[in-house]
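As a plain string of letters, each chain reads:
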Amino acid sequence: MVEMRTPIPVAEAVERVMQHVRPVETEEVPLDSAMGRVLAEPIIARHSVPPFDRSPYDGFAIRSMDSEGASGDSRIPFTVIGEIGAGHVGTKTVGQHEAYRIMTGAQIPDGADAVVMFEQTVETGDGFTIRKPFSSGENISRKGEDAAEGDTLIAAGTRIHPGTIALLATFGYAEVKVSRLPVVGVLATGTELLGIDEELQPGKIRNSNGPMAAAQLERIGIKARHYGTSADDLEACTDLVKQALAECDALITTGGVSVGDYDHLPAIYETLGATVLFNKVAMRPGSVTTVAELDGKLLFGLSGNPSACFTGFELFVRPALLSMMGDTAPYMPRFKAKLSEDFKKPNPFTRFIRAVWQMDGDRITAAPAGFNKSNAVSSIARGNCLIVLPSGTRGYVQGDEVDVLLVGSETGAKDWVL
Ligand code: AMP
Ligand code: MG
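So, how was this worked out
Residues numbered from 1 in each chain as written. Chains lettered and ligands numbered in written order. Predicted model: local features only at pLDDT ≥ 70, side-chain atom pairs only at ≥ 80, totals over all residues. Heavy atoms only, no water. Helix = DSSP H or I, 4+ residues; strand = E, 2+ residues; numbered from the N terminus. Buried < 20%, exposed > 50% of the residue type's maximum accessible area, 1.4 Å probe, protein only. Contact = heavy atoms within 4.5 Å. Core = buried A, V, L, I, M, F, W, Y, C linked by side-chain atoms within 4.5 Å. Domains from an automatic or database assignment. Phe/Tyr/Trp six-rings, centres within 6.5 Å; stacked < 30°, edge-to-face > 60°. Pairing = 2+ DSSP bridges. Axes fitted to C-alpha atoms, helices over the stretch in contact; angles between N-to-C directions.

Enquirer: I'm lost on unusual backbone geometry in this one. Help?
Expert: Glycine aside, the phi torsion of most residues is negative, and most peptide linkages are trans. Backbone torsion omega between valine 49 and proline 50 reads -10°, so that peptide bond is classified as cis. Looking at the secondary structure, you find proline 50 in the loop between strand E2 (43-44) and strand E3 (59-62). In this structure, the amide linkage connecting arginine 284 to the following residue, proline 285, adopts the cis form with an omega of -5°. Tracing the backbone shows proline 285 in the loop between strand E17 (283-284) and strand E18 (290-294). Phi is positive for histidine 97, which is not a glycine, with a value near 55°. Tracing the chain through its elements places histidine 97 in the loop between strand E4 (76-84) and strand E5 (98-102). Even without being glycine, aspartate 295 reaches a positive phi, approximately 50°. Aspartate 295 gets classed as exposed once you look at its relative accessible area, which sits at 61%.

Written as structure tokens, this is what we have:
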């Protein structure tokens, strides 16, 4: 008799996975290896930024009081006493009606409290004239205006992106405390599977899920540990899963989680004594997605159907792994878009449609990315987001507002809200 499984809502499934996340340890890495990692310490301003008053323009540094009363009819002259390029400092104090020629980024010399841009002057033999008064502090980039010394600028638990790298470099974080990368195994199961370099044979297909899952891991900075493919052979597959569990923090398998004669993962979980968190989710594609836990390690049993496999990774694997790394915003960002074509099918389960979002005039639209069955692979390649249609709905038409999950974003959302 076929086993009956009770589907649980997607949000509950996500919640169950997240409750079983065990954080990994932290380590120090050089700044040039920190991209994509999750900060295990906050970024604190070790000094003011900028560290000194500086000129934001190329121009002349003056005393603002000397510019009082300047107008088109009564231009005020200044004498240039020297030049300060970025990286240099002026040695003289600016006196009455004196000015330093100063370049962008250079420190404001003593005495001066305003900068006149080149464009605001008319040059004379030994200096220039101006036609308007300047106030104290005008055109000066103040010490500490960007960040004050001691401020916490970025919280621990933030994923590092190029802007974060710039900030870390600013303060001289040559080494950064981050979470260690979890070791994640990828094993594709299915007797029908061929390697990517193999010729097609009758009844066989190439393993696309393995490379796809590895690429999805790479997108969150994790290099997959490859366990290749396994035929649907209970013993061989059990051995591989055991080996992988001994070597990894988490394991992703694809295929073999359904109720077919050769779907061995349920039996393997049982043999190993793993706790199955769920084995049926009220979603399409990927209702057979299964997640189990053993000794604090998560086993993600993704469907073999490519679209389902892709979606299962983004919904469950990604937030769990990011959360293991301490990421406090591990979910896909969500936004609203207008459906750009009718979608008349009923949605007994929450439906995730591989789609393309884009700006259309002044609004964001989302269009299904073509052939959209769970076994589709072409629409995964075309899509850049997932449209979400809640369960119990039907009859969506062009122009309807729908929820969209952004795939592959470098910053995430704090909550799973749908
Ligand atoms: P399963 O989840 O094992 O029942 O597989 C469902 C469907 O996905 C079948 O049509 C499989 O041939 C296909 N499939 C399973 N594994 C892979 C894979 N690694 N790459 C591409 N297709 C797969
Ligand atoms: Mg199979």
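Enquirer: Would you explain the side chain of histidine 264 in this entry?
Expert: As for its position among the elements, histidine 264 is in the loop between strand E15 (250-254) and helix H5 (265-272). Judged by its relative accessible area of 16%, histidine 264 falls in the buried class. Contacts of histidine 264, omitting those with residues within four sequence positions, involve Asp232, Asp233, Leu234 and Gly256.

Enquirer: What is the right way to read the nonpolar core from this model?
Expert: Where a protein is soluble and globular, its nonpolar side chains tend to be buried together. Phe300 and Phe316 are the most contacted members of the largest nonpolar core, which totals 49 residues. Built from parts of two domains, this core gets at least three residues from each of domain 1 (10-24 + 181-324) and domain 4 (334-406). Filtering out sequence-adjacent residues up to four positions away, phenylalanine 300 remains in contact with Val17, Ala250, Leu251, Ile252, Thr253, Tyr269, Thr290, Val291, Phe316, Val317 and Ala320. Core analysis: the next-biggest nonpolar cluster, separate from the first, contains 18 residues, Tyr227, Leu245, Cys248 and Tyr269 among them.

Enquirer: Teacher, can you tell me more about the packing of aromatic side chains here?
Expert: The description of an aromatic ring pair rests on the distance of the ring centres and on the angle between the ring planes. Going through the model one piece at a time under the given rule, you end up with six aromatic pairs. Geometrically, the ring pair formed by phenylalanine 278 and phenylalanine 316 is tilted, given 5.5 Å between the ring centres and 50° between the ring planes. You can see phenylalanine 278 sitting in strand E16 (residues 275-278) and its partner phenylalanine 316 sitting in helix H6 (residues 306-324), a full 38 residues away along the chain. Look at phenylalanine 278 and you get buried, because its relative accessible area is 4%. For phenylalanine 316, a relative accessible area of 1% puts it in the buried group. Ring centres 6.5 Å apart and planes at 55° place the aromatic pair tyrosine 331 and tryptophan 416 in the tilted group. Residue tyrosine 331 is located in the loop between H6 and strand E20 (334-339), and its partner tryptophan 416 is located in the segment after strand E24 (401-406); the two are separated by 85 residues in the primary sequence. Each member of the pair tyrosine 331 and tryptophan 416 is classed as buried. Following the ring pairs from residue to residue traces out a cluster consisting of Phe60, Phe78, Phe118 and Phe128.

Enquirer: I keep staring at the sheet that holds E4 and nothing clicks. Help me out?
Expert: In sheet architecture, strand pairing relies on hydrogen bonds along the backbone and comes in two forms, parallel and antiparallel. The strand order across the open sheet formed by six strands is E6-E3-E5-E4-E8-E7, and the pairing between neighbours is mixed. For this open sheet the edge positions go to strand E6 (114-117) and strand E7 (121-123), each flanked by a neighbour on one side alone. With strand direction ignored, the average angle separating the axes of adjacent strands in the sheet is 40°. Strand direction decides the pairing type here: E3 and E6, joined by four bridges, are antiparallel. Within E6, the residue paired with phenylalanine 60 across the bridge is valine 116.

Coordinates in, geometry out; function isn't part of it.
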